[in-house]
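Given next are the chains, with one letter for each unit.
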Amino acid sequence: MSYLETVRTRYTTKKYDANIKINNQQINELMKVLHLAPSSINSQPWRFIFVADQQIKEQLSKVSFHNTDKLLHCSHVVVLAVEKIDAFEKRLPASLPSGAVEYYHKMIKPKGEEHVKTWMSEQVYIALGFLLSAVASLGIDSTAMGGIMPDQYDAILKLEGCQTLVAVALGGRAADDANQLSVIPKRRRPFEDVVYSI
């Protein structure tokens, strides 16, 4: 299947089959894919936590609003967390070339804490897109979930130096998932309204 066809057939899964489990080889591949995700100045201000433990998924499901059933029945949940600014700045000199560190201190940090947080979060969302694309290429169903309680996720996962931004359910769709493309065709704005060349 071509990459374009893979993208055409990908959709946001709303209901998972708890009997479908992702194998360790695919999970390891996805971990490596996330490790290689791109970011501005190679900043990598993130942590990626893969959760397979059913008890932890049950705890997370209780702080996931309308995503509860997804967490209970999916194979894995990937939590994408953004580094806290102090933790990021502490590791910066040892993990980036001096030019990148200088860019951060001259171009990003002077714009204020909110700008830094937004910039760092944008890098995590780049990784999210990278993950969703990789998952689709492996034939794994997924759901990106912003409708969660980040502070509660942080507490359940005992995160330090970073905080939850978004989570992704991974697994296999249930046969009666009402969001499948055979039930609801993919909807996008007209191509010419969105993509053009000059």
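Reading the values: rules and limits
Residues numbered from 1 in each chain as written. Predicted model: local features only at pLDDT ≥ 70, side-chain atom pairs only at ≥ 80, totals over all residues. Heavy atoms only, no water. Helix = DSSP H or I, 4+ residues; strand = E, 2+ residues; numbered from the N terminus. Expected span 1.5 Å × (residues − 1). Buried < 20%, exposed > 50% of the residue type's maximum accessible area, 1.4 Å probe, protein only. Arc of directions from axis to C-beta. Pairing = 2+ DSSP bridges. Axes fitted to C-alpha atoms, helices over the stretch in contact; angles between N-to-C directions. UniProt positions renumbered as here; feature names shortened; annotations may be inferred. Phe/Tyr/Trp six-rings, centres within 6.5 Å; stacked < 30°, edge-to-face > 60°. Polar contact = N/O pair within 3.5 Å; in protein donor to acceptor, adjacent residues only side chain to side chain. Contact = heavy atoms within 4.5 Å.

A few points about helix α2 (residues 24-35)
Then, number 1: With twelve residues, α2 extends 16 Å between its outermost C-alpha atoms, agreeing within 8% with the 16 Å of an ideal straight helix rising 1.5 Å per residue.
Then, number 2: Taken residue by residue, α2 has Gln26, Ile27, Leu30 and Leu34 as its buried positions. Here the buried residues of α2 occupy an arc of 100° about the axis, which is enough to place them on one side. Residues of α2 that are exposed and point over 90 degrees away from its buried face: Asn24, Gln25, Lys32 and His35.

Quick word on the pairing of strand β3 (residues 141-145)
Then, number 1: Within β3, four of the five residues are buried, which leaves it mostly tucked inside the rest of the structure.
Then, number 2: As judged from the five bridges shared by β3 and strand β4 (residues 162-171), these two strands associate in the antiparallel manner. Each bridged residue has a counterpart across the sheet, and for Ser142 the counterpart in β4 is Leu170.

With respect to the sheet that holds strand β2 (residues 76-83)
Then, number 1: In space, the four strands of this open sheet follow the order β1-β2-β4-β3, with antiparallel pairing throughout. Every other strand in the sheet has two partners, leaving β1 (46-51) and β3 as the edge strands with one partner each. The sheet shows a mean angle of 20° between the axes of neighbouring strands, direction not considered.
Then, number 2: Where β2 meets β4, eight bridges bridge the pair, whose relative direction is antiparallel. Residue pairing in the sheet places Val78 in a bridge with Val168 of β4.

Topic: the UniProt feature "domain: Nitroreductase" (unreviewed entry) in the chain
Then, number 1: Here, UniProt's "domain: Nitroreductase" (unreviewed entry) annotation points to residues 7-171.
Then, number 2: The span residues 7-171 carries 51% helix and 18% strand; its end-to-end C-alpha distance comes to 17 Å.

Description of the packing of aromatic side chains
Aromatic rings considered in pairs are described by the distance between their centres and by the relative angle of their planes.
Then, number 1: Scanning the entire structure with this criterion turns up four aromatic pairs.
Then, number 2: Measuring from centroid to centroid gives 5.3 Å for Trp46 and Phe48, while their planes differ by 40°, and the two rings are tilted.
Then, number 3: What makes Trp46 buried here is its relative accessible area of 7%.
Then, number 4: Ring geometry for Tyr104 and Trp119: centres 5.9 Å apart, planes at 40°, overall tilted. Here the residue Tyr104 occupies a position in helix α6 (residues 98-108), and Trp119 occupies one in helix α7 (residues 113-137), the gap between them amounting to 15 residues.
Then, number 5: Ring pairing ties together the aromatic residues Phe88, Tyr104 and Trp119, which thus form one cluster.

Thoughts on the side chain of Glu83
Then, number 1: Looking at the element boundaries, Glu83 is found in strand β2.
Then, number 2: At 2.8 Å, the side chain of Glu83 and the side chain of Arg91 are in polar contact.
Then, number 3: Ignoring any residue separated from it by four or fewer positions in sequence, one finds Glu83 in contact with Gln44, Pro45, Trp46, Arg47, Phe88, Arg91, Met120, Gly161 and Cys162.

Describing the side chain of Asp141
Then, number 1: Counting through the fold element by element, Asp141 comes out in strand β3.
Then, number 2: The class of Asp141 is buried, set by a relative accessible area of 10%.
Then, number 3: There is a polar contact of 2.8 Å between the side chain of Asp141 and the backbone nitrogen of Arg173.
Then, number 4: Residues within four places of Asp141 in sequence aside, it is in contact with Tyr11, Thr13, Tyr16, Val135, Ala169, Leu170, Gly171, Gly172 and Arg173.

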